[in-house]
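In case you want the letters, here they are:
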Amino acid sequence: MVRPYAVKGRKRKKNKTERYDKEEEEEENAGFVEEEGEKEGTQKKLKSGATETDEEKAEAAAEELAGIPVNLSEQQQGNDKNSPGVIFVLEKASLEVAKVGKSYQLLNSEDHANFLRKNNRNPAEYRPDISHQAILNILDSPLNKAGKLRALYVRTEKGVLIEIKPHVRIPRTFKRFAGIMLQLLQKLSISAVGKREKLLRVIKNPVTQYLPVNSRKIGFSHSSEKLVDMHDYVATLDKDATLVFVVGAMAHGKIECDYIEDFISISGYPLSAAYCITRITNALERKHKIL
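About the cut-offs
- For every chain, the first residue of the written sequence is number 1, and numbering continues from 1 along that sequence.
- Local features in a predicted model are, by the rule used here, given only for residues with pLDDT of at least 70; side-chain atom pairs are given and counted only at 80 or more, and totals for whole chains, interfaces and linings are based on all residues.
- Calculated side-chain values reflect all of the structure's heavy atoms, with hydrogen atoms and water omitted.
- The helix count covers DSSP runs of H or I at least four residues long, the strand count covers runs of E at least two residues long, and both are numbered beginning at the N terminus.
- Relative accessibility decides the category of a residue: with a 1.4 Å probe and only protein chains considered, values under 20% of the type maximum give buried, values over 50% give exposed, and everything between is partly exposed.
- Whether two residues touch is decided by their heavy atoms; if any such pair falls within 4.5 Å, the residues are in contact.
- Here the Shrake-Rupley method, with its probe set to 1.4 Å, supplies the accessible areas, and only the displayed protein chains count as covering residues.
- Residues adjacent in sequence count toward polar contacts only when both atoms are side-chain atoms; beyond that, a polar contact is any pair of N or O atoms within 3.5 Å, and within protein one must be able to donate a hydrogen and the other to accept it.
- Multiplying one less than the number of residues by 1.5 Å gives the expected span of a helix.
- At least two bridges found by DSSP between two strands is the condition for calling them paired.
- When a carboxyl oxygen of Asp or Glu is within 4 Å of a side-chain nitrogen of Lys or Arg, the pair counts as a salt bridge.
- Whenever a helix is involved, its axis is fitted only over the stretch in contact; in every case the axis is a line through C-alpha atoms, and angles between N-to-C directions fall within 0 to 180 degrees.
- Any angle from 65 to 115 degrees is called roughly perpendicular, while one under 35 is roughly parallel, one over 145 is roughly antiparallel, and all others are oblique.
- When the near helix sits turned anticlockwise from the far one by under a right angle, the crossing is termed left-handed; a clockwise turn instead gives a right-handed crossing.
- Any residue that is not Ala, Val, Leu, Ile, Met, Phe, Trp, Tyr, Cys, Pro, Asp, Glu, Lys or Arg is counted as polar, Gly included; the first ten are nonpolar and the last four charged.
- Only centres within 6.5 Å qualify two rings of Phe, Tyr or Trp (six-membered ring in Trp) as a pair; their planes then separate them into stacked at under 30 degrees, edge-to-face at over 60, and tilted for everything else.
- Only buried residues count toward a nonpolar core, which is a set of Ala, Val, Leu, Ile, Met, Phe, Trp, Tyr and Cys residues joined through side-chain atoms within 4.5 Å.

Undergrad: Would you mind showing me how to read the overall build of the chain here?
TA: Per the secondary structure count, the chain includes 9 helices and 13 strands. Across the 291 residues of the chain, 42% fall into the buried class. For the chain, restricting intrachain contacts to residue pairs at least 6 apart in sequence, the fraction spanning at least 24 positions comes to 73%. By element, 47% of the accessible surface of the chain is carried by carbon and sulfur atoms, the whole surface being about 17,700 Å².

Undergrad: Quick question: what am I supposed to make of the environment of R155 here?
TA: Counting through the fold element by element, R155 comes out in strand 7 (residues 149-156). With a relative accessible area of 30%, R155 lands in the partly exposed category. Separated by 64 residues in the primary sequence, R155 and E91 have C-alpha atoms spaced 5.0 Å apart.

Undergrad: So what exactly am I meant to see when it comes to the side chain of N144 here?
TA: By secondary structure assignment, the location of N144 is in helix 6 (residues 142-145). In terms of polar contacts, N144 uses its side chain to reach the backbone carbonyl oxygen of L139, at 2.9 Å.

Undergrad: Would you explain helix 7 (residues 174-187) in this entry?
TA: For the α-helix, the turn length of 3.6 residues means that residues three or four positions removed from each other point alike. Across its 14 residues, helix 7 extends 20 Å between first and last C-alpha, which sits within 8% of the 20 Å expected from 1.5 Å per residue. L188 sits one or two positions beyond helix 7 and adopts a positive phi of about 75°.

Undergrad: Got a minute to help me understand the pairing of strand 8 (residues 161-164) in this structure?
TA: On a regular strand, one side chain projects to one face of the sheet and the next to the other, so that they alternate. In strand 8, alternate side chains face the same way, and those of L161 and E163 on one face and I162 and I164 on the other are all buried. Counting the residues in the hairpin turn of strand 7 and strand 8 gives 4 residues, including G159, whose phi is positive at 95°. Note that strand 8 and strand 10 (residues 198-203) share 4 bridges and pair antiparallel. Residue I162 lies in a different strand from strand 10, and its bridge partner there is V202.

Undergrad: Looking at this structure, I do not really get helix 5 (residues 128-140). What am I missing?
TA: Taking 1.5 Å per residue, 13 residues should reach 18 Å; helix 5 reaches 18 Å between its end C-alpha atoms and fits that length. Restricting attention to buried positions, one finds in helix 5 the residues P128, I130, S131, H132, A134, I135, L136, I138 and L139.

Undergrad: I would appreciate a short explanation of the pattern of salt bridges in the present structure.
TA: If charged atoms from side chains of opposite charge come close, those side chains can pair. Summed over all chains, the structure comprises 10 salt bridges. Between E91 and R155 there is a salt bridge, and its shortest N-O distance comes to 3.8 Å. Note that E91 is positioned in strand 4 (residues 86-93) and R155 in strand 7, a separation of 64 residues in sequence. Of the charged contacts in the structure, one is a salt bridge between D140 and R172, with a shortest N-O distance of 2.4 Å. With D140 in helix 5 and R172 in the loop between strand 8 and helix 7, this residue pair connects regions lying 32 residues apart in the sequence.

Undergrad: I would appreciate a short explanation of unusual backbone geometry in the present structure.
TA: Among all residues save glycine, negative phi is the norm, and among peptide bonds the norm is trans. Omega for the peptide link from N205 to P206 comes to 0°, which places this bond in the cis form. As for its placement among the helices and strands, P206 is situated in the loop between strand 10 and strand 11 (216-220). Phi is positive for L188, close to 75°, though the residue is something other than glycine. In this fold, L188 is placed in the loop between helix 7 and strand 9 (189-192).

Undergrad: Help me understand the packing of helix 5 against helix 9 (residues 273-287), please; the structure alone is not making it clear to me.
TA: What describes two packed helices is the angle between their axes and the distance between those same axes. Two elements in contact, helix 5 and helix 9, have axes whose closest approach is 8 Å; the angle formed by their N-to-C orientations is 15°. Considered as vectors, helix 5 and helix 9 are oriented roughly parallel to each other. Handedness of the crossing formed by helix 5 with helix 9: right-handed. Counted together, I130, Q133, A134, N137 and I138 of helix 5 and A273, A274, I277 and T278 of helix 9 form the full contact between these two elements. Of the residues belonging to the contact of helix 5 with helix 9, the class tally is 6 nonpolar, 3 polar and no charged.

Undergrad: In this structure, what is going on with the packing of aromatic side chains? I would like to understand it.
TA: Each aromatic ring pair is described using two quantities: the centre-to-centre distance and the angle formed by the ring planes. Enumeration over the complete set of coordinates arrives at 4 aromatic pairs. Between Y153 and Y210 the ring centres are 5.9 Å apart and the planes differ by 25°, which places this aromatic pair in the stacked class. Here Y210 lies in the loop between strand 10 and strand 11 and Y153 lies in strand 7, a separation of 57 residues in the sequence. Taken together, a centroid distance of 5.9 Å and an interplanar angle of 40° make the contact between F220 and F245 tilted. One end of the pair, F220, is in strand 11; the other, F245, is in strand 12 (residues 243-248), and 25 residues separate them in sequence. Since its relative accessible area comes to 7%, F220 is described here as buried.

Undergrad: So what exactly am I meant to see when it comes to the nonpolar core here?
TA: Soluble globular proteins tend to pack their nonpolar side chains together in the buried interior. In terms of nonpolar packing, the biggest core is built from 49 residues, with L90, L200, F220, M230 and F245 touching the most fellow members. Once residues lying within four places of it in the same chain are set aside, the contact partners of F245 are V86, I87, F88, V89, I218, F220, M230, I280 and L284. Core analysis: the second largest hydrophobic core is formed by 15 residues, L161, L211, M250 and C257 among them.

Rendered as structure tokens:
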């Protein structure tokens, strides 16, 4: 009688350990992923062994960004739009949306290299991060915070013209920036949080119809034969004229725009769009004595 009970007891012990092992494996496989834009402390539990893909992140970011915050400084609030200022135009920006898998995404060389090669496209040409860095440099500059920036326009490689308000707060991370651009190119506008003001919107071409009549349009290219010192060049410009700076937001190539009046080069070496904008804003800040 002792032997059957002993065997039965061992079996029960073995079953318990197997059950506990399964529970431990399930706990290890189960993960928690905090969604962007949700309040602190809220989490989304994923199924066992499942991971959140880049497609789901892009969709979630696009759904959550129903509006974006506004950052108005005192100088920007009391600034006269008709007074002379500065306008930036980013040309040939790589902002293109395509259906990858089951969702639409903003194409970039890092996440969609295989997709681009299958469609006979060069992944090196799809660099939306260049536009992201350039926009952040413009909006974060003391020149903009002092109220000197009148407008910011971005024209994509496909010819889509985008207007960005100077007081908008663009996301710092590229994932959320991609979500905003995806939403913008699909819905054609993004409004401020709790307001009807459109901070980003797709507008009609050409960009020249939005530029002031007395504005001076200046383009930048390393291939230009006119090499100048940016501080000296800005000092010679008329203070009463609105300055329009046209910068290329692509990885390689040259901007070709008919409305540009003066093509200059500000360095003997090729510069990124972000650093070129930094040199421009620094020269203007010194001219206007903005610290």
